[in-house]
Each structure stands twice: as C-alpha cells, then as structure tokens.
Amino acid sequence: MTKSEIPVMPKFFDRYINLADNTLVMDALTQGASFENLIPAKTLEALGDLRYAPDKWTVKDILQHVIDTERIMSYRALRLSRNDKTPLPGFDEELFGQTAQANRRSIPDLYDEYADVRQSTIRLFDSFDEEMLLRSGTCSNQTISVIALGFVLVGHATHHANIINDRYLPLLA
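Every value quoted in this text rests on a predicted model; they were computed, and no experiment measured them. (Residues numbered from 1 in each chain as written. Predicted model: local features only at pLDDT ≥ 70, side-chain atom pairs only at ≥ 80, totals over all residues. Heavy atoms only, no water.)

> Give me the lowdown on the nonpolar core, citing residues and values where you can.
Core analysis: the largest hydrophobic core is formed by 30 residues, its most contacted members being Phe-125, Phe-128, Ile-144 and Phe-151. Of all the secondary-structure elements, those providing two or more residues to this core are helix 1 (14-17), helix 2 (25-31), helix 4 (59-81), helix 6 (107-126), helix 7 (130-134) and helix 8 (146-168). With residues near it in sequence (within four places) discarded, Phe-125 still touches Met-26, Leu-29, Ala-77, Leu-133, Val-146, Leu-149, Gly-150 and Leu-153. (Core = buried A, V, L, I, M, F, W, Y, C linked by side-chain atoms within 4.5 Å. Buried < 20%, exposed > 50% of the residue type's maximum accessible area, 1.4 Å probe, protein only. Helix = DSSP H or I, 4+ residues; strand = E, 2+ residues; numbered from the N terminus. Contact = heavy atoms within 4.5 Å.)

So, in structure tokens, the structure goes:
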C-alpha cells in the first residue's frame, strides 16, 4: 500500500507523512533502514556535541529521539493492527531527551541501534496484511491508521535529517 491509500490524513502527523515518497510502505521503510542513507556517520561525528542554540539537542540526542519514536510508533502500529481500540497516549519527547543520556554514546552505536530498530519495524510491517494496514485508532488524541504510522516513521527520520542538514551542518563551516 502507498501513502495515497491512507484512509484519513491525521493532523499533526501529516507533516511527517508528506515528507515520504508515495511508494509502497515496505519500500519506504526499507530505503530508510539506515540513517547512513540520510546523513553519513562521519558528518555527525564531526559535529560532536555541538548545538546550534543553547537550548537545542545535540545530534546524538536527535538520533536517540528518532530511535525512541520509532519504537513508540511501531508499538502503536502493533496495537492498532490487532484492532485494539484503546486510545494510546502521547509521550514527552523532552523528558525522553533529558533522561536518555545519548551523549554518552557514539554515533556508530546509535546508527547500529537505529538499523536494528528499523529492521524490527520492517519485520512488523511485513507481517501486516491490507486489512491490518487500514485499521485505525487513536494515538495522541488523533485518529491514525497503521499505514499512516508506517509513513510517519519514514517522514519523521527525514524531518530530523533535514534539521541536521539545515541547522547543524553549517556549524562545521
């Protein structure tokens, strides 16, 4: 299924979905299976713990956020695919960022974890049939389908790669 087959475009999450190509969800997830495809690890290593503003995350914090979000969105997709109608809450990304201690980790370690988590997501989505992909429920007070969550994952990683390219890479100049 492609993103044009998303039954209802969810508010807020549409900004991520719109960054994904209108390809099959499995192709989109597989193409983004490595953060290295978005930004080379050496580039992020050169940034170290730089921030483009005092109150902003480091690139390690961003990578950890992308990993954490991938896990949460995959969990949501699992719940919805199983027709669980329990409203699922949001999460406090700032609290996660403050407590994850991503800066103790290396970029290669974070890249490896991202690849592992994405592989798990790919296996999960590969197990869904069309009926499961079209199931929906409430996440963060928004109605969203399983197929939409797949494209959120793709677009969310792209969104943060764009932020790194636009706001962090100029720090190397």
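> Go over the packing of helix 4 against helix 6, please, and point to the residues and values.
Relative orientation of the contacting elements helix 4 and helix 6 amounts to 15°, with a least axis distance of 10 Å. On the basis of the axis angle, helix 4 is roughly parallel to helix 6. Judged by the sense of rotation from one axis to the other, the crossing of helix 4 with helix 6 is left-handed. Across from Val-59, Lys-60, Leu-63, Gln-64, Val-66, Ile-67, Glu-70, Arg-71, Ser-74, Ala-77 and Leu-78 in helix 4, the residues of helix 6 making contact are Ile-107, Leu-110, Tyr-111, Glu-113, Tyr-114, Val-117, Arg-118, Thr-121, Leu-124 and Phe-125. (Axes fitted to C-alpha atoms, helices over the stretch in contact; angles between N-to-C directions. Parallel < 35°, antiparallel > 145°, perpendicular 65-115°, else oblique. Left-handed = near helix turned anticlockwise from the far one by under 90°.)

> Talk me through the pattern of salt bridges; I want residue IDs and the actual numbers.
Evaluated as defined, the whole model comprises seven salt bridges. For the salt bridge of Arg-118 with Glu-70, the shortest nitrogen-to-oxygen distance reads 2.7 Å. Separated by 48 residues along the polypeptide, Arg-118 in helix 6 and Glu-70 in helix 4 bring together distant segments of the chain. For Arg-118, a relative accessible area of 1% puts it in the buried group. When the shortest N-O distance is used, the salt bridge between Arg-135 and Glu-131 registers 3.0 Å. One network of salt bridges, in which partners are shared, links Arg-71, Arg-105, Asp-109 and Glu-113. (Salt bridge = Lys/Arg side-chain N within 4 Å of Asp/Glu carboxyl O.)

> Lay out unusual backbone geometry in plain terms, naming residues and giving numbers.
Positive phi, normally seen in glycine, also occurs at Ser-140, with a value near 55°. Inspection of the secondary structure assignment puts Ser-140 in the loop between strand 1 (136-139) and strand 2 (142-145). In this structure, Asn-141 is a non-glycine residue whose phi angle is positive, near 65°. Take Asn-141: it is sitting in the loop between strand 1 and strand 2.

> How would you explain the packing of aromatic side chains if you had to name every residue and give the values?
Counted according to the given criterion, the structure contains seven aromatic pairs. For the pair Phe-35 and Tyr-111, a centre-to-centre distance of 5.7 Å together with 75° between the ring planes defines the contact as edge-to-face. Highlighted residues: Phe-35 in the loop between helix 2 and helix 3 (41-47) and Tyr-111 in helix 6, separated in sequence by 76 residues. There is no split in this pair, since Phe-35 and Tyr-111 are both buried. With a centroid separation of 5.1 Å and 55° between ring planes, the pair formed by Phe-91 and Phe-96 is classed as tilted. (Phe/Tyr/Trp six-rings, centres within 6.5 Å; stacked < 30°, edge-to-face > 60°.)

> Outline a negative patch on the surface, supporting the account with residue identities and numerical values.
On the surface, a cluster of negative charge is made up of Asp-55, Asp-92, Glu-93 and Glu-94. Within the fold, Asp-55 resides in the loop between helix 3 and helix 4. (Patch = residues over 30% accessible without salt bridge, like charges linked within 9 Å, V, L, I, M, F, W, Y side chains within 5 Å. Areas by Shrake-Rupley, 256 points an atom, 1.4 Å probe, with all protein chains shown as cover. Lys, Arg positive; Asp, Glu negative; His and termini not counted. Charge placed at Lys NZ, Arg CZ, Asp CG, Glu CD.)

No statement about biological role is implied by the geometric values presented.
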